[in-house]
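# Inside the fold
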Amino acid sequence: MHQSLATVTAPIPVRASSTDDPAELLRFAIDAHRRGAAALATLVDIRGGAARALGAHMVVAADGRFCGYVSGGCVEAAVASEALLAMAKGRDRMVKFGDGSPFFDIVLPCGGGISVAIHVLKDVGALRHVLERLERRQAAGLAYSPERQALEPVEPLPRTCWLERDFLTVYRPRTRVLLSGQTIEAQAVARLAEASGYDVIAVAPGGVRPVADIIDPFTAVVLLHHELDAEAAILETALASPGFYIGALGSTRTHRRRVERLRAMAFKRDDIARIKAPIGMFGPTRDATSLALSVLADIAAARLVAYA
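So, here is what we can say about the structure in this document. Along each chain, the written sequence defines residue order, and numbers are assigned to residues from 1. Local features in a predicted model are, by the rule used here, given only for residues with pLDDT of at least 70; side-chain atom pairs are given and counted only at 80 or more, and totals for whole chains, interfaces and linings are based on all residues. Water and hydrogen atoms were dropped before computing side-chain values, which therefore reflect all heavy atoms in the structure.

### Notes on the overall build of the protein
Comment: elements are numbered from the N terminus, with helices defined as DSSP H or I runs of at least four residues and strands as E runs of at least two. Within the protein one finds ten helices and 15 strands. By its C-alpha atoms, the protein is 85 × 35 × 35 Å across when sized along the principal axes. Buried residues are those whose accessible area, probed at 1.4 Å on protein chains only, stays under 20% of the maximum for their type, while exposed residues exceed 50% and partly exposed ones sit between those limits. Out of the 308 residues belonging to the protein, those deemed buried represent 47%. In the protein, 61% of the contacts between residues at least 6 apart in sequence involve partners at least 24 apart. Of the roughly 15600 Å² of accessible surface on the protein, a fraction of 53% belongs to carbon and sulfur atoms. When charges are counted, Lys and Arg are positive and Asp and Glu negative, with His and the chain ends excluded. Taken as the charge centre is NZ of Lys, CZ of Arg, CG of Asp or CD of Glu, depending on the residue. If the 36 positive side-chain charges of the protein are averaged to one point and the 33 negative ones to another, these points end up 1 Å apart. The contact rule is simple, with two residues in contact once any of their heavy atoms fall within 4.5 Å. Note on areas: these come from Shrake-Rupley sampling with a 1.4 Å probe, and a residue is covered only by the protein chains present in the view.

Here it is in structure tokens:
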């Protein structure tokens, strides 16, 4: 009986890590390519509901190791098998799962369907370009052409999408949290933010570090002081920055005083409206951990709104 090439030679897929961080996935791809061969699988179409956003990646090494997600975990092993077959044949492929798929035994729990483009990496120059831009905290873009089976760097669009016959993936730097405050609340926020994979920078009021140079469009400024005077300098800098989130500790009464001070300093209404105060998604809270959860949830929601 004839046996397929995949049955005879393909290794068994095995998850190498549970990360879904794009930079880590691209580094894994570069290393796998250096060791032999690798394929980059990208979620390029969603029909109905889906657990991941367009542009989500998986990377599959020639030895069967893979990482990343294009669903909630229900199709990743199948994607890895398809990627191994693509590498064995040396050709890219487009695979559907769920609704509209030929794989009747693979059903997405959400009831929808997805399409995954599997690209056999020929070189990793485009991936290095993305990593270099992310290292400089700049957005990056990759264009994948199914027709040419090619991947090339491009200027990033506002969002990941199809542009004519090419699929453009947008990459943005990880969230940076600029944290000011010598309080127990600040310590709790720092711990949870670091555990969430955020880039945490703690600054002291009156410190010598140039705060204005730290706050970029992917930065959330968190002010956790019990006195308005202590936050004043950093708050003024944050209001003049492109940071996507500014939150400040204090009650509604405290925030009224804060607003009065800023108006007296000629800050515009729209600038003042950028401040989330009282800080956090839910409240009031009565312990540091609850406050930290509230703040981090608020930052995550704001980031999604800013860069959906």
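There's more to say after this.
### Quick word on the pairing of strand β11 (residues 176-180)
Along β11, five of the five residues are buried, which leaves the element largely enclosed by surrounding structure. Neither face of β11 is left uncovered, since the one carrying R176, L178 and S180 and the one carrying V177 and L179 both have all their residues buried. When DSSP locates at least two bridges between a pair of strands, those strands are taken to pair. With five bridges connecting them, β11 and strand β12 (residues 199-203) associate as parallel partners. Among the inter-strand pairings, V177 is bridged to a residue of β12, identified as V200. Handedness of the β11-helix α5 (residues 184-195)-β12 crossover: right-handed. In this structure, β11 lies alongside strand β13 (residues 219-223), joined through five bridges in parallel fashion. By the bridge assignment for β13, L178 is matched with V221. We call a crossover right-handed when, viewed with the strands running away from us, the connection from the first strand over the helix to the second turns clockwise.

### Focus on empty space enclosed by the protein
Here a cavity denotes a set of grid points, spaced 1 Å apart and computed over the protein atoms alone, in which a 1.4 Å probe fits but from which it cannot get out, and a pocket denotes an open set meeting protein on both sides within 12 Å along at least five of seven lines; residues with an atom within 4 Å of a point are reported as lining. Grid points are joined across faces, edges and corners, and a volume is the space filled by probe spheres set on the points. For the coordinates displayed, the defined rule picks out one cavity of 30 Å³ or more. What the largest cavity holds in volume is close to 90 Å³. In this structure, the largest cavity is lined by L40, T42, V44, H57, A117, H119, L142, Y144, L151, F167, T169 and Y171. Only Asp, Glu, Lys and Arg are considered charged in this grouping, and only Ala, Val, Leu, Ile, Met, Phe, Trp, Tyr, Cys and Pro are considered nonpolar; every other residue, Gly among them, is considered polar. Partitioning the lining of the largest cavity into residue classes produces eight nonpolar, four polar and no charged.

### Details of helix α8 (residues 252-264)
Expected span of a helix, by definition, is 1.5 Å for each gap between consecutive residues, and there is one gap fewer than residues. In this model, α8 (13 residues) spans 19 Å end to end at C-alpha, consistent with the 18 Å of a helix rising 1.5 Å per residue. Within the sequence span of α8, burial applies to H255, R258, V259 and L262. Taken down its axis, α8 places every buried residue within 100 degrees of arc, on the same side. Seen from the buried face of α8, the exposed residues on the opposite side, beyond 90 degrees, are R253, E260 and A264. On its buried face, α8 sits against α7 (228-239), β14 (245-248), α9 (269-272) and β15 (275-276). Positive phi appears at A266, one or two residues downstream of α8, with a value of about 75 degrees. Each C-beta atom gives one direction from the helix axis, and the arc is the one those directions make.

### A look at the sheet that holds strand β7 (residues 140-145)
Read from one edge to the other, the open sheet built from four strands follows the order β8-β7-β10-β9, with strand pairing classed as antiparallel. The open sheet has two free edges, formed respectively by β8 (150-154) and β9 (161-163), since each of these has just one partner strand. For this sheet, the mean angle separating the axes of adjacent strands, direction not counted, is 30 degrees. Of the strand pairs in this sheet, β9 and strand β10 (residues 166-171) are connected by three bridges, and their pairing is antiparallel. In the sheet register, L163 faces β10, and the bridge partner there is D166. Axes here mean lines fitted to C-alpha atoms, for a helix over just the part in contact, with angles spanning 0 to 180 degrees between N-to-C directions.

### Some details on the sheet that holds strand β6 (residues 113-120)
Read from one edge to the other, the open sheet built from six strands follows the order β1-β4-β3-β2-β6-β5, with strand pairing classed as mixed. Two strands close off the open sheet at either side, each with one partner strand: β1 (14-15) and β5 (93-98). Two elements, β5 and β6, share six bridges in a ladder whose sense is antiparallel. Across the sheet, R93 pairs through a bridge with I118, a residue of β6. Those strands touched by helix α3 (residues 76-89) are β1, β2 (38-47), β3 (57-61), β4 (65-68), β5 and β6, and its axis lies near 55 degrees from that of β3.

### Concerning a nonpolar patch on the surface
Residues forming no salt bridge and having over 30% relative accessible area are the ones grouped into patches, like charges within 9 Å of each other and nonpolar side chains (Val, Leu, Ile, Met, Phe, Trp, Tyr) within 5 Å. Throughout this description, the term salt bridge denotes a Lys or Arg side-chain nitrogen within 4 Å of a carboxyl oxygen of Asp or Glu. On the surface, a nonpolar cluster with roughly 300 Å² of combined accessible area is contributed by M281, F282 and L293. On the secondary structure map, F282 appears in the loop between β15 and α10 (288-306).

### Focus: the layout of surface pockets
Of the voids in this model, the largest pocket is the one considered here, and its volume is about 1400 Å³. What lines the largest pocket is a set of 39 residues, and nearest its centre among them are D20, P22, R172, P173 and R303. Only α2 (22-35), α4 (125-135), β10 and α10 provide two or more residues apiece to the lining of the largest pocket. Per-element accounting of the lining of the largest pocket gives the leading share, four residues, to α2. Residue composition of the lining of the largest pocket, grouped by class: 18 nonpolar, nine polar and twelve charged. Approximately 380 Å³ is the volume attributed to the second largest pocket. Taken together, 21 residues make up the lining of the second largest pocket; nearest its centre are L249, G250, S251, T285 and L291. Looking at the lining of the second largest pocket, the elements with two or more residues in it are α7, α8 and α10.

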